Amino acid sequence: MLNQTVLALGKKRSTIREIFEFGNQRAKIVGRENIFDFSIGNPNVPAPESVQDAIRDIITTKHPSAIHGYTSAQGTEDCRAAIAESLNARFGTDYSAKNLYMTLGAAASISICFTALTAAPQDEFIVFAPFFPEYQVFIEHGAGAKCVIIPAQVEDFQINFAEFEKKLNPHTKGIIINSPNNPSGVVYSDETINRLTALLSAKSEEYGHPIYLISDEPYREIIYDGITAPFIAPSYKNTLVCYSYSKSLSLPGERIGYVLVPNTVDNFEDVYAAVCGAGRVLGYVCAPSLFQQVITRCAADVADISIYEKNRNILFEGLTSMGYSCVKPEGAFYLFPKTLEEDDFAFCERAKKYDLLLVPGSDFGAPGHFRISYCVQTETVQRALPLFEKLAKEYGL
Ligand code: PLP
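This structure is a prediction, so every number in the text was calculated from the model and none was measured.

1. Points about the domain arrangement of the protein chain
Interfaces are often described in size by the accessible area the parts lose on coming together.
Then, number 1: Partitioning the protein chain into structural domains gives domain 1 (4-48 + 304-394) and domain 2 (49-298).
Then, number 2: The gap between the C-alpha centroids of domain 1 and domain 2 is 26 Å.
Then, number 3: Contacts between the two partners involve 29 residues from domain 1 and, on the opposite side, 36 residues from domain 2.
Then, number 4: Here domain 1 and domain 2 share one salt bridge between them.
Then, number 5: Close ionic contact of Arg 312 with Asp 225 constitutes a salt bridge, the shortest N to O distance being 2.8 Å.
Then, number 6: Every element with two or more residues in the side of domain 1 that touches domain 2 is listed here: helix H1 (4-11), helix H13 (306-322) and strand E9 (334-335).
Then, number 7: Of the residues in the side of domain 1 that touches domain 2, the class split is 18 nonpolar, six polar and five charged.

2. Quick look at unusual backbone geometry
Then, number 1: In the segment running from Ser 179 into Pro 180, the intervening peptide bond is cis, with an omega of -5°.
Then, number 2: As for its placement among the helices and strands, Pro 180 is situated in the loop between strand E5 (172-177) and helix H9 (190-207).
Then, number 3: Between Asn 182 and the following residue, Pro 183, the backbone shows a cis peptide bond with an omega angle of 20°.
Then, number 4: Relative to the assigned elements, Pro 183 resides in the loop between E5 and H9.

3. Quick word on the site of the ligand
Then, number 1: Lining the immediate environment of the ligand, one finds 15 residues, of which Asn 182, Asp 216, Tyr 219, Ser 244 and Arg 255 sit closest.
Then, number 2: Bound to the protein, the ligand loses 91% of the 390 Å² it would expose on its own.
Then, number 3: Here the shell around the ligand gets four residues from one element, more than from any other, and that element is helix H6 (residues 105-117).
Then, number 4: A per-class count over the shell around the ligand returns seven nonpolar, five polar and three charged.

4. Some words on helix H15 (residues 378-394)
Then, number 1: In this model, H15 (17 residues) spans 25 Å end to end at C-alpha, consistent with the 24 Å of a helix rising 1.5 Å per residue.
Then, number 2: Helix geometry: H15 is bent most strongly at Leu 385, by close to 30°, with proline Pro 386 lying one to four residues after it.
Then, number 3: Within H15, burial applies to Thr 378, Thr 380, Val 381, Ala 384, Leu 385, Leu 387, Phe 388, Leu 391 and Ala 392.
Then, number 4: Looking at the packing, one finds that the buried side of H15 touches strand E1 (36-37), H13, helix H14 (344-351), strand E10 (356-357) and strand E12 (370-373).
Then, number 5: Of the residues trailing H15, Gly 396 is marked for its positive phi of about 80°.

Reading guide: rules and limits
Residues numbered from 1 in each chain as written. Predicted model: local features only at pLDDT ≥ 70, side-chain atom pairs only at ≥ 80, totals over all residues. Heavy atoms only, no water. Domains from an automatic or database assignment. Contact = heavy atoms within 4.5 Å. Salt bridge = Lys/Arg side-chain N within 4 Å of Asp/Glu carboxyl O. Helix = DSSP H or I, 4+ residues; strand = E, 2+ residues; numbered from the N terminus. Nonpolar A, V, L, I, M, F, W, Y, C, P; charged D, E, K, R; others polar. Near = heavy atom within 4 Å. Areas by Shrake-Rupley, 256 points an atom, 1.4 Å probe, with all protein chains shown as cover. Expected span 1.5 Å × (residues − 1). Bend = angle between axes of the 7 residues up to and from the residue. Buried < 20%, exposed > 50% of the residue type's maximum accessible area, 1.4 Å probe, protein only.

Shown next, in the form of structure tokens:
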């Protein structure tokens with residue numbers, strides 16, 4: 001007899017992966033260039049030159065055992081210190097190596113945090129729709145806690161405070177936010193952040209224990225219209241930051257990121273030790289050695305992400321002028337318009353007729369929407385517009 005829960009999870013591929021595989025099959029028939037795969041968030045811009053240079057330099061000048069060997073479980077002191085320094089330079093903080101735990105991307109960071117913070121099965125974590133679907137898997141099946149979903153505020157995809165306040169209770173252990181957001185592309189406003197942190201502080205006081213704020217920030221650097229990088233940790237003392245270089249350095253396959261536990265977190269030393277312990281339980285120890293060395297040199301760098309803003313502008317203006325309705329994203333590389341029929345699965349199925357591969361909003365807890373992942377060539381975006389138009393015409397727009 002196997003673990004039935006994980007067996008079921010393993011048998012059911014995520015919708016995004018399903019669509020991605022469908023695209024691969026269709027590509028064999030109609031050619032890759034005729035597939036408009038907006039399903040997966042796989043950055044298409046190259047990693048910066050500095051990353052390529054660092055890799056070349058490390059592999060040609062260091063002894064193999066110094067490149068590929070185990071590091072300490074939480075990552076090398078050099079790598080963690082370099083990240084702390086780059087954060088301090090940008091955000092005026094005073095982090096050091098001891099605040100960081102290196103992981104295998106944001107997914108590992110998030111599951112480590114949920115596992116570290118869960119003390120009992122009654123513990124609850126709040127997520128705000130629309131949300132990255134793996135949160136629910138990590139909370140329920142990884143940490144063994146309860147996942148409480150707050151419905152989306154569809155007018156602007158900021159936090160639905162009316163519903164949020166109803167769900168806060170003494171079992172609330174933490175919340176997770178993701179800004180810039182996947183799938184809406186929305187960046188939380190200062191007003192949202194201020195209201196959120198004030199509410200969490202008041203409720204922590206009332207319940208007599210901290211409510212942790214897990215800030216999932218893989219898109220922190222991918223922001224448009226000249227707005228500043230959102231960094232919430234200094235505004236709320238019990239924040240744990242989950243970061244990844246998958247998007248900012250275009251390194252999703254290399255699996256490198258971190259958990260940041262600031263000194264301000266209550267019982268900092270225990271929380272950091274619990275993060276290390278969760279890393280051990282989950283097997284996320286000594287993150288890839290070569291890429292820790294790359295990050296040591298490139299912690300402050302960002303890939304040339306200008307193409308994403310260009311794609312956003314073309315798609316947002318194109319689709320809204322055709323009659324699609326969409327909240328304007330200010331970051332990440334996703335657009336999350338309303339579907340043209342109530343059933344978002346049926347809508348995305350119909351789009352497949354034009355080889356437009358879109359993801360139903362239900363997957364992110366926000367039915368009636370669809371996600372376009374536009375980290376693709378600008379030419380693909382341009383060639384897709386007439387197809388979106390044909391699709392809209394089917395609905396009489
Ligand atoms: N969190 C969000 C919001 C994401 O969109 C993703 C990936 O797309 C992740 C976490 C996981 O990122 P990583 O590839 O670093 O594990």
